[in-house]
Amino acid sequence: MRQIRNYVDGQFVDGISTFDDINPVDGRVVAQVHEADAALVDRAVRSARRALNGAWGSTTVLERCELLRRIADRVEERFDELVDAEVADTGKTVRQAKALDVARAVANFRSFADTAASSSQKSFMTDLADGRQALNYAVRKPLGVVAVIVPWNLPLLLLTWKLGPALASGNTVVVKPSEETPGSATLLAEIMQEAGLPAGVYNVVHGFGANSAGEFLTTHPDIDGVTFTGSTATGSGIMRAVADRVRPVSFELGGKNAAIVFDDADLELTLDGLSRSIFTNTGQVCLCTERVYVQRGIYDKVVEGLVSRAQAQRLGKPDDPDTTMGPLISAAHRRKVLGYFEAAKEAGAEVLTGGGIPSLGAELDAGFWVEPTLWAGLDQQSTPVREEIFGPVAALIPFDSEEEAIALANDTEYGLAAAVWTTDITRGHRVAQRMNVGIAWVNTWFLRDLRSPFGGMGLSGIGREGGEYSLEFYTESTNVCVQL
Ligand code: NAD
Ligand code: 6OD
């Protein structure tokens, strides 16, 4: 059986015990994962501190950017192995793992190398009333030893989205991947070694959250900050864990994202975009649309077009070129999603399509599949319209006026993403700007420029990542004021 070990101080290290890494396609155990105890997490943090205080601490930004580009090249060389690791852990399609997950890992390293190499800070010439002058300029320093905690939905994409700016800025990291998806972060450790990253700069500890590696890491007294992507509940716990030592956090949390479809929308473009935004990665992308507000005049057409697209989804093995949708990540997550299927029925939903577990044949029936699902008739205040589900499911709700649509879309405690579908570009700008979210798209979804700010408001997070915005978290600034 494949063994997935911790990576501490440049060495692959056994854990105190092992747990199963399960493939959600058919429930098979694909690897044994070595769980880190508090002592191993402590070793990882101490190793990261030593590396920070050692030679890594005196590398120049251009040397680090060069290293990031070497890592990107090595990721490209081992592209198929990373695709296999990602598919084995998540059951996502090979097509998606290639086009999105692993391709973005390469892009993340290259993009943050470019950002760090060209970043600058403002300086200020101060003119005092008495005729003296002073020059103020700020120098950036690494934040220090950064705890990096990531989820299972886009494991390598989200990890490298944090590693790019963290390493380019001169930090050292201790990574805690999700217990569901330990493979790619561990393979990346081999790549880091091959690319020549010094021991201690990149460490990986495996385990769970509470009373395991996640908690041991976030409560460790010698970390300088936590960057976390995951659920709002876990984020709030991490905030409490670091409060006593006042450590900074960067949080990308949950969402309950809305789409607004106006009656002048390009229907085919909109239906294809909506379908992608509901079913990509089996609805397990924080940006996925779970609420679709449709102007009443085209409501029936949108229902019809979306139902036919949901029914056209092909559930199957990841390497089958006809497969468009994989399983959910785990049995526990499927129980949660099925709980919302029940709650929707109890709240009076009309199930337009789906709503259950598909029958896919003996082998796959041991996996964690659900049907692509669409609901009508749900009240704005019902649980399935208010809570994040994180599955291939959306509620369709009609509206009459622009103001009503804006109010409905903003009626949530989350504030991650929204999409506006209209051919009236002035209205597109106007409505997008009024969305209380960090990321608003017009006539598209999940179109990313890695230099743009990414993150959420309200329960969806704290801070922005992307390009220069990431440097705000991964660096500290010292302002130097020189009287001339
Ligand atoms: P999760 O919060 O359960 O777990 C995320 C990570 O935190 C895992 O590595 C887990 O082991 C760790 N963890 C759990 N409890 C912990 C604790 N007490 N201390 C320290 N670490 C702990 O989230 P998940 O189920 O893996 O991911 C799904 C959630 O992530 C969804 O809510 C989704 O919206 C969110 N998400 C948000 C974004 C974004 O960019 N906003 C991106 C992806 C996923
Ligand atoms: O594209 C990205 O950079 C990003 N952070 C995506 C997050 C997706 C959440 O599931």
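Rules behind the numbers
Residues numbered from 1 in each chain as written. Chains lettered and ligands numbered in written order. Predicted model: local features only at pLDDT ≥ 70, side-chain atom pairs only at ≥ 80, totals over all residues. Heavy atoms only, no water. Pairing = 2+ DSSP bridges. Helix = DSSP H or I, 4+ residues; strand = E, 2+ residues; numbered from the N terminus. Axes fitted to C-alpha atoms, helices over the stretch in contact; angles between N-to-C directions. Contact = heavy atoms within 4.5 Å. Near = heavy atom within 4 Å. Polar contact = N/O pair within 3.5 Å; in protein donor to acceptor, adjacent residues only side chain to side chain. Areas by Shrake-Rupley, 256 points an atom, 1.4 Å probe, with all protein chains shown as cover. Buried < 20%, exposed > 50% of the residue type's maximum accessible area, 1.4 Å probe, protein only. Nonpolar A, V, L, I, M, F, W, Y, C, P; charged D, E, K, R; others polar. Domains from an automatic or database assignment. Parallel < 35°, antiparallel > 145°, perpendicular 65-115°, else oblique. Left-handed = near helix turned anticlockwise from the far one by under 90°. Patch = residues over 30% accessible without salt bridge, like charges linked within 9 Å, V, L, I, M, F, W, Y side chains within 5 Å. Salt bridge = Lys/Arg side-chain N within 4 Å of Asp/Glu carboxyl O. Buried area = accessible area lost by both parts, 1.4 Å probe.

Chemist: Before we go on, may I ask you to explain the sheet that holds strand β1 (residues 2–4) in this structure?
Modeler: One open sheet holds the three strands; their spatial order is β1-β5-β4, and the pairing between them is mixed. The sheet is open, and its two edges are formed by β1 and β4 (17–22), each paired on a single side. Within the sheet, the average angular offset between the axes of one strand and its neighbour, ignoring direction, is 35 degrees. Here β4 pairs with strand β5 (residues 29–35) via six bridges, running antiparallel. Looking at β5, one finds that Asp 21 is bridged to Ala 31. Across the sheet, helix α3 (residues 79–90) is in contact with β1, β4 and β5; its angle to β4 comes to roughly 90 degrees.

Chemist: Can you help me understand the sheet that holds strand β14 (residues 289–295) in this one?
Modeler: Within a sheet, adjacent strands bond to each other through the backbone by hydrogen bonds, running parallel or antiparallel. Sheet architecture is open: seven strands sit in the order β15-β16-β17-β14-β13-β19-β20, paired in mixed fashion. Here the strands that pair on one side only, and so sit at the sheet edges, are β15 (350–353) and β20 (439–442). Geometrically, the sheet is characterised by an average inter-axis angle of 25 degrees between neighbouring strands, direction not taken into account. Relative to strand β17 (residues 393–399), strand β16 (residues 373–376) runs parallel, the two sharing four bridges. Paired with Ala 376 across the two strands is Leu 396, which belongs to β17. Its contacts with the sheet put helix α14 (residues 425–434) on β13 (257–261), β14, β19 (417–421) and β20, and the angle it makes with β20 is roughly 170 degrees.

Chemist: What am I meant to see in the site of ligand 2 here?
Modeler: All residues in the neighbourhood of ligand 2 are listed as Arg 104, Asn 153, Leu 154, Leu 157, Leu 158, Trp 161, Val 285, Cys 286, Phe 446, Arg 448 and Phe 454. A distance of 2.7 Å separates an oxygen atom of ligand 2 from a polar side-chain atom of Arg 104. A distance of 2.8 Å separates an oxygen atom of ligand 2 from a polar backbone atom of Cys 286. Coverage of ligand 2 by the protein amounts to 98% of the 310 Å² it exposes when considered alone.

Chemist: Help me out: how do you make sense of the pairing of strand β8 (residues 145–149) in this one?
Modeler: When a strand is regular, its side chains alternate between the sheet's two faces. Counting buried residues along β8, five of its five residues qualify, which places the element largely inside the surrounding structure. Every second residue of β8 is oriented toward a common face, with Val 145, Ala 147 and Ile 149 on one face and Val 146 and Val 148 on the other, all of them buried. Bridge count for β8 against strand β9 (residues 172–176) is five bridges, and the pairing is parallel. Bridge pairing in β9 links Ile 149 to Lys 176.

Chemist: In this structure, what is going on with the site of ligand 1? I would like to understand it.
Modeler: Taken together, 28 residues sit near ligand 1, with Lys 176, Glu 179, Ser 231, Leu 253 and Glu 388 positioned nearest. Within the side chain of Glu 179, a nitrogen or oxygen atom sits 2.6 Å from an oxygen atom of ligand 1. Within the side chain of Ser 231, one N or O atom sits 2.7 Å away from an oxygen atom of ligand 1. Looking at the shell around ligand 1, the elements with two or more residues in it are α7 (213–218) and β11 (225–229). Looking at the shell around ligand 1 residue by residue, the classes come out as 14 nonpolar, nine polar and five charged. Built from parts of two domains, the shell around ligand 1 gets at least three residues from each of domain 1 (3–253 + 460–483) and domain 2 (257–449).

Chemist: I keep staring at the packing of helix α9 (residues 267–279) against helix α10 (residues 299–311) and nothing clicks. Help me out?
Modeler: Helix-helix packing is characterised by the crossing angle of the two axes and by the distance between the axes. Contact geometry of α9 with α10 gives a least axis separation of 10 Å together with a crossing angle of 50 degrees. The orientation of α9 relative to α10 falls into the category oblique. When the axes of α9 and α10 are compared, the crossing they make is right-handed. For the pair formed by α9 and α10, the contact residues are Leu 267, Glu 268, Leu 271, Asp 272, Leu 274, Ser 275, Ile 278 and Phe 279 on the first element and Lys 301, Val 302, Gly 305, Leu 306, Arg 309 and Ala 310 on the second. Counted by class, the contact of α9 with α10 contains eight nonpolar, two polar and four charged residues.

Chemist: What's the story with unusual backbone geometry in this structure? I'm lost.
Modeler: A negative phi holds for most residues other than glycine; trans holds for most peptide bonds. Despite not being glycine, Asp 9 has its phi angle at roughly 55 degrees, a positive value. Here Asp 9 is to be found in the loop between β2 (6–8) and β3 (11–13). Here the phi dihedral of Phe 446 falls at roughly 55 degrees; this positive angle occurs in a residue that is not glycine. A residue is classified by how much of its surface remains accessible, and Phe 446, at 14% relative accessible area, is buried.

Chemist: Sorry if this is basic, but what is going on with a nonpolar patch on the surface here?
Modeler: Where nonpolar side chains cluster on the molecular surface, the patch consists of Met 125, Tyr 137, Val 139, Val 482 and Leu 484 and spans about 420 Å² of accessible area. Here Val 139 lies in strand β7 (residues 133–142).

Chemist: Teacher, can you tell me more about the domain arrangement of the protein chain here?
Modeler: Domain boundaries assigned for the protein chain yield domain 1 (3–253 + 460–483) and domain 2 (257–449). For domain 1 and domain 2, the distance between their C-alpha centroids amounts to 31 Å. Facing the 26 residues of domain 1 at the interface are 31 residues of domain 2. The contact between domain 1 and domain 2 buries some 2,200 Å² in all, and 60% of this surface belongs to carbon and sulfur atoms. Together, Val 25, Trp 152 and Ser 460 form the three largest contributors to the area buried by domain 1 at its contact with domain 2, with a combined 26%. At the boundary of domain 1 with domain 2, the tally comes to eleven residue pairs in polar contact (both at pLDDT 80 or more). Counting residues per element, the side of domain 1 that touches domain 2 draws most heavily on helix α4 (residues 94–117), at five residues. A breakdown of the residues in the side of domain 1 that touches domain 2 according to their chemical character gives ten nonpolar, nine polar and seven charged.

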